[in-house]
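So the chains spell out like this:
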Amino acid sequence: MFTLLSNQPPVAMKPLPSMEFYKDNTNLKWIILVVSSIISISSIYYTNILVGQLKERERNQVNLLAKALEYASTDNQNEFLFITEEIINKNKSIPVILVDDKGIITSSNNIDLDSNLSKSKKDALLQLALASMKNTYPPIEIIFKDPVTNIIYGKNFVYYKNSSLLTQLIAYPYIQLSVITIFVFISFLAFNYSKASEQNRVWVGLAKETAHQLGTPLSSLMAWIEVLRDDPEIKNKGIVEELDKDIRKLRIVTERFSSIGSKPVLKSENIYMLISNVVSYLQPRVSSKINFEVYTLSETILAHVHAPLFEWVIENLCKNAVDSMGNSGTIAIKILRGNEDRVFIDISDTGKGIPKSNITSVFKPGFTTKKRGWGLGLALAKRIIEMYHEGKIFVKSSEENSGTTFRIELKSAGLA
Ligand SMILES: Nc1ncnc2c1ncn2[C@@H]1O[C@H](COP(=O)(O)OP(=O)(O)O)[C@@H](O)[C@H]1O
Ligand SMILES: [Mg+2]
């Protein structure tokens, strides 16, 4: 079912156009983003209107307070004094400070002061509060006049700032905005996670099922080959040997599929030997004008790998390299020891290269530029290297029309 299993993809199976089931659900993400932005913006807008109204109301309240103070001072004997007192005491929310014409604080209200503090501490705190009020709103004047002569004999000033209700209301939309942002962010994560784990189950399930289905005919073929081996008419014609090779390949394929369906056990393996195996398998199966070159610093470099899966990766990368070169070219495989106990495997071709715009997409399942590609080879390679080997695989370099180098990084297991 994968192109990598045979040189010619099976004709009967046409690739699905772009593998719809793997497509990102980008539209839904945009809708959620737009809707939550609209909610946030309208909430900020509406709260701003409320804030404006409340500000005006508080200013009116302070104005009224100033008027009441003015009135109380002009006519102490007034029988309506209880009304002015009522107004003055009614203000339980707006912090106000009363200052005389020399700038000295004469009284204050609704300012949070710890009653245990010393007088000098309280005064210092009041001065601080006054300074911040001076920066917030212009003061409201109280003019003291002689009621008879109308001569002005003094002025006081009422400074004030927003009540804590108003302050909270101003902060509210920003708190709401952060909550919405965190919520959307977490939803995206959860959404992506559930999608990824669903894809994971598809991968693993399909692989296990394939291995399972291949098992039965394979054992029966192996029994049949023993029967043929003893048949005098078929013996010594090379047929059984050829069949045996094919069956061996089928067993490798089955093993690959069953290993990817469960967590494979890693062993310390000779990387040069594994790569040589793949090369000697591939070489007779591709055009004779394609050269394979394997370089290694040492023929005994070891790494922790699962041999059948690792060979599958190398095979995939080599097949892609062959595809990119058409009929002739060179595939160079270099095995290097990096620092920090890493083994690097660079696979270079002299093919048509990967355009810059595609470099981030080549590892996505379903991404292919080939007429008969499935776009699963590199996705599979990435899964095998990153999930099962805790290594890395990436495009190290690529130049259009001159070639590409893929690098695999694995944890070293020393030298043999
Ligand atoms: N060595 C390479 N040179 C140029 N392009 C490559 C190479 N390897 C992969 N690609 C690009 O990445 C795509 C995905 O590769 P892959 O996942 O193996 O799927 P497929 O081989 O079925 O197309 C290819 O279609 C090709 O465009
Ligand atoms: Mg491929």
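What you see is a predicted model, and the numbers here were worked out from it, not measured in a lab.

(A) Highlighting the pattern of salt bridges. Under the defined criterion, the tally for this structure stands at 13 salt bridges. Linking Arg229 and Glu226 is a salt bridge whose minimum nitrogen-to-oxygen distance equals 3.3 Å. In this pair, Arg229 and Glu226 are both assigned in helix H4 (residues 164-229), three residues apart and thus about one turn of the helix distant. With a closest N to O distance of 3.2 Å, Glu386 and Lys382 form a salt bridge. Here Lys382 and Glu386 lie together in helix H8 (residues 377-388), a separation of four residues that amounts to about one turn.

(B) Spatial organisation of the sheet that holds strand E2 (residues 105-109). With antiparallel pairing, four strands are arranged side by side in an open sheet as E2-E1-E4-E3. Every interior strand has two partners, whereas the edge strands, E2 and strand E3 (140-145), have only one. Along the sheet, successive strands turn relative to each other by an average axial angle of 20°, direction set aside. Strand direction decides the pairing type here: strand E1 (residues 96-100) and strand E4 (residues 152-160), joined by five bridges, are antiparallel. The residue of E4 that forms the bridge with Val96 is Tyr160. Here helix H3 (residues 119-136) sits on the sheet in contact with E1, E2 and E4, set at roughly 95° to E1.

(C) The site of ligand 1, seen in detail. Taken together, 19 residues are adjacent to ligand 1, and Asn320, Asp349, Thr368, Thr369 and Lys370 come closest. In this structure, an oxygen atom belonging to ligand 1 sits 2.5 Å away from a side-chain N or O atom of Thr368. If ligand 1 stood free it would expose 530 Å²; the protein chains cover 95% of that surface. Counting only elements with at least two residues in the shell around ligand 1, the list comes to helix H7 (307-325), H8 and strand E11 (403-415). If you tally residues by element for the shell around ligand 1, the top one is H7, at three residues.

(D) The arrangement of the packing of H4 against helix H5 (residues 239-260) in detail. Put simply, H4 and H5 touch, their axes get as near as 8 Å, and they point 155° apart. Considering their axes alone, H4 and H5 lie roughly antiparallel with respect to each other. Considering how the two elements wind past one another, H4 and H5 form a crossing that is left-handed. The segment H4 lies against H5, with Val204, Ala207, Lys208, Thr210, Ala211, Leu214, Leu218, Leu221, Met222, Ile225, Leu228 and Arg229 engaging Val240, Leu243, Asp244, Ile247, Leu250, Arg251, Val253, Thr254, Phe257, Ser258 and Ile260. Classifying every residue of the contact of H4 with H5 gives 16 nonpolar, three polar and four charged.

(E) Seen up close, a nonpolar patch on the surface. Together, Ile182, Phe185, Ile186 and Leu189 give the surface a local cluster of nonpolar side chains, amounting to about 420 Å² of exposed area. Looking at the secondary structure, you find Leu189 in helix H4.

(F) View of the pairing of E1. Burial analysis of E1 places five of its five residues in the buried class, which makes it a mostly covered element. The two faces of E1 match: Val96, Leu98 and Asp100 on one face and Ile97 and Val99 on the other face are all buried. By the bridge criterion, four bridges tie E1 to E2 in an arrangement that is antiparallel. The residue bridging Leu98 from the neighbouring strand is Ser107, located in E2.

The rules behind each value
Residues numbered from 1 in each chain as written. Chains lettered and ligands numbered in written order. Predicted model: local features only at pLDDT ≥ 70, side-chain atom pairs only at ≥ 80, totals over all residues. Heavy atoms only, no water. Salt bridge = Lys/Arg side-chain N within 4 Å of Asp/Glu carboxyl O. Helix = DSSP H or I, 4+ residues; strand = E, 2+ residues; numbered from the N terminus. Pairing = 2+ DSSP bridges. Axes fitted to C-alpha atoms, helices over the stretch in contact; angles between N-to-C directions. Contact = heavy atoms within 4.5 Å. Near = heavy atom within 4 Å. Polar contact = N/O pair within 3.5 Å; in protein donor to acceptor, adjacent residues only side chain to side chain. Areas by Shrake-Rupley, 256 points an atom, 1.4 Å probe, with all protein chains shown as cover. Parallel < 35°, antiparallel > 145°, perpendicular 65-115°, else oblique. Left-handed = near helix turned anticlockwise from the far one by under 90°. Nonpolar A, V, L, I, M, F, W, Y, C, P; charged D, E, K, R; others polar. Patch = residues over 30% accessible without salt bridge, like charges linked within 9 Å, V, L, I, M, F, W, Y side chains within 5 Å. Buried < 20%, exposed > 50% of the residue type's maximum accessible area, 1.4 Å probe, protein only.

Everything listed here is a matter of coordinates, which is why it stays silent on function.
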